[in-house]
Protein chains: 2
Amino acid sequence: MSDENFRRPAVVLLSGGLDSATVLAIAQERGYTINALSFRYGQRHEYELHCARRIASNAGVRQHSIVEIDLAQFGHSALTSDIAVPKHSLTEEVGADIPVTYVPARNTVFLSLALAYAETLDAFDIFIGVNALDYSGYPDCRPEYIEAFERLANLATKACTTGQGRMVIHTPLIQMTKAQIIQLGLKLGVDYAHTSSCYDPNESGLPCGACDACLLRNRGFEQLGLQDPAMFR
Amino acid sequence: MSDENFRRPAVVLLSGGLDSATVLAIAQERGYTINALSFRYGQRHEYELHCARRIASNAGVRQHSIVEIDLAQFGHSALTSDIAVPKHSLTEEVGADIPVTYVPARNTVFLSLALAYAETLDAFDIFIGVNALDYSGYPDCRPEYIEAFERLANLATKACTTGQGRMVIHTPLIQMTKAQIIQLGLKLGVDYAHTSSCYDPNESGLPCGACDACLLRNRGFEQLGLQDPAMFR
């Protein structure tokens, strides 16, 4: 196989939000064949899965797997249980506290399943849209967390321990502001009308405009002097 | 609450096999309140879940959660797909090769979910029956793998990053032979008749006697001059 024709496979964690849609476009631009992975984990904002399917289909990915996993049975998060999603609560100092929307060990669970998926595809590249700047203060979005997972991944898997390759966790957004992410995504042709960031959308999927995720997203578009196309879909 | 009456909660990964049944007894003996966690992950040897329920119930655990997670949709293992379980194939040098019964990233997925469960219980102790001596050569059973997961766990979770405690992954069997594990379990009152180790049991749950897991188990009982009670249940 010539190097020119060979496109390496990658797994892209695709929630259906603004960040993961951008990450998918970045991975595609870098020449990877995309295998997208989404989760139905008992989230109350299941509308994002509708968006994930549409993004994956528009991007022409090789495969899109949606894994069912009942994180809600463990409870303890506003995203999966009856705890109310806080509104208008974004602190000035982003990340100062860990909010009630934190889902226990969510990224560890998601990355583990991405690792399992990657291993069956002979893929050594996993893309995740975590962000340590304009983010909600979750511990499993920090660079030191991602580094620890990458280290684990290279001890965990058959392919890595037998020297077939080295697993890399790509976090292209980790040091970008929301405005920078949007700017890059628009350059790459991402249609943000088909993304959903809201933790508490209404039945038609319209964002509440007041949860942390909405406030961060809105601030990003505002800083660029743009209107969020998701408000008009 | 007096220290004497307070029993710390622990999560015990309980497959229903010989090792995890022993680990549960060890954790109980150390004074923990047990929250057992099992998985229906598309394994062909689902009989082990029947055993897990019985072990948990006999031990009087506080809680037993069975999480559904479809690892079979990723395929690529004799334990979850149509690949035949190898018989009479145990090499003299245990662990020399990684066999086709390896399920991609299984322990990473299981430990991640144990971590999520622990976090919702305010538990800082996770017990897993991995073994690096009489084992099948899976990379995610080695001490360096477990250490990497423990490191990750302490960066991943709200409780750990806010200084409420330190997550510990307990692997009491990691350096024991199968015979030593059985000996300890018998001392702690484990009834091995209600455990299932076989990768390919028949419909009534009787072990095949020829897969790696059966060969390792049988060798353990033989070395002690004992008969495996699971053969007579």
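In the block above lies the structure referred to throughout.
First, a word on what this report is: a plain description of the structure on this page. Keep in mind it's a predicted model, so treat the numbers as computed, not measured.

**What to know about the pairing of strand β2 (residues 33–40) of chain B**
Residue and element names in this part refer to chain B.
Phase 1 of the analysis: Counted residue by residue, β2 has 6 buried out of 8 residues, so it is predominantly covered.
Phase 2 of the analysis: Between strand β1 (residues 9–13) and its parallel partner β2, the chain crosses via helix α1 (residues 18–29), and the hand of that crossover is right-handed.
Phase 3 of the analysis: By the bridge criterion, 6 bridges tie β2 to strand β3 (residues 63–68) in an arrangement that is parallel. Opposite Phe 39, over in β3, you have Val 67 as the bridge partner.
Phase 4 of the analysis: Traced from β2 through helix α2 (residues 47–59) to β3, the parallel crossover comes out right-handed.

**Focus on the sheet that holds β2(B)**
Residue and element names in this part refer to chain B.
Phase 1 of the analysis: Read across the open sheet, the 5 strands follow the order β3-β2-β1-β4-β5; overall the sheet is parallel. Bordering the open sheet on either side are β3 and β5 (168–170), each of which pairs with just one other strand. Each neighbouring strand pair of the sheet contributes to a mean axis angle of 25°, computed without reference to strand direction.
Phase 2 of the analysis: As defined by bridge partners, β1 adjoins β2 across 5 bridges and the pair is classed as parallel. Each residue of the ladder has a partner; that of Pro 9, found in β2, is Thr 33.
Phase 3 of the analysis: Helix α3 (residues 106–121) rests against β1, β2, β3 and β4 (125–127) of the sheet, and its axis sits at about 160° to β1.

**Topic: the pairing of strand β1 (residues 9–13) of chain A**
All names here are of chain A.
Phase 1 of the analysis: With respect to burial, β1 is a largely interior element, 4 of its 5 residues being buried.
Phase 2 of the analysis: Taken together, the 2 bridges between β1 and strand β4 (residues 125–127) define a ladder with parallel strand orientation. Residue pairing across strands places Val 12 opposite Phe 127, the latter belonging to β4.

**Looking at the interface of chain A and chain B**
Phase 1 of the analysis: Opposite the 37 residues of chain A that make contact, chain B presents 37 residues.
Phase 2 of the analysis: Secondary-structure elements contributing two or more residues to the side of chain A that touches chain B are β3 (63–68), α3 (106–121), α4 (143–156) and α5 (158–161) of chain A.
Phase 3 of the analysis: The element contributing the most residues to the side of chain A that touches chain B is α3(A), with 9 residues.
Phase 4 of the analysis: Residues belonging to the side of chain A that touches chain B are distributed by class as follows: 20 nonpolar, 10 polar and 7 charged.

**Quick notes on the relation of the copies chain A and chain B**
Phase 1 of the analysis: For the match of chain A to chain B, the screw axis carries a shift of 0.0 Å, the RMSD comes to 0.0 Å, and the turn is 180°. In symmetry terms, the pair is related by a two-fold rotation axis.
Phase 2 of the analysis: Of the interface residues in chain A, 100% have counterparts in chain B that sit at the interface too, so the contact is made through matching surfaces.

**Observations concerning the sheet that holds strand β5 (residues 168–170) of chain A**
All names here are of chain A.
Phase 1 of the analysis: The strand order β3-β2-β1-β4-β5 describes an open sheet built from 5 strands, whose pairing is parallel. Two strands close off the open sheet at either side, each with one partner strand: β3 and β5. Taking each pair of neighbouring strands and ignoring which way they run, the sheet shows an average axis angle of 25°.
Phase 2 of the analysis: Sheet topology places β4 next to β5; 3 bridges connect them, and they run parallel. From the neighbouring strand, Phe 127 faces β5, where its bridge partner is His 170.
Phase 3 of the analysis: Along the sheet, helix α2 (residues 47–59) makes contact with β2 (33–40) and β3, crossing β2 at roughly 170°.

Rules used in this analysis
Residues numbered from 1 in each chain as written. Chains lettered and ligands numbered in written order. Predicted model: local features only at pLDDT ≥ 70, side-chain atom pairs only at ≥ 80, totals over all residues. Buried ≥ 20, exposed ≤ 12 C-beta atoms within 10 Å, placed from the backbone. Helix = DSSP H or I, 4+ residues; strand = E, 2+ residues; numbered from the N terminus. Right-handed = clockwise from strand over helix to strand, strands pointing away. Pairing = 2+ DSSP bridges. Axes fitted to C-alpha atoms, helices over the stretch in contact; angles between N-to-C directions. Contact = placed C-beta atoms within 7 Å. Nonpolar A, V, L, I, M, F, W, Y, C, P; charged D, E, K, R; others polar. Least-squares fit on C-alpha atoms with pLDDT ≥ 70 in both.

Distances and angles like these do not, on their own, reveal function.
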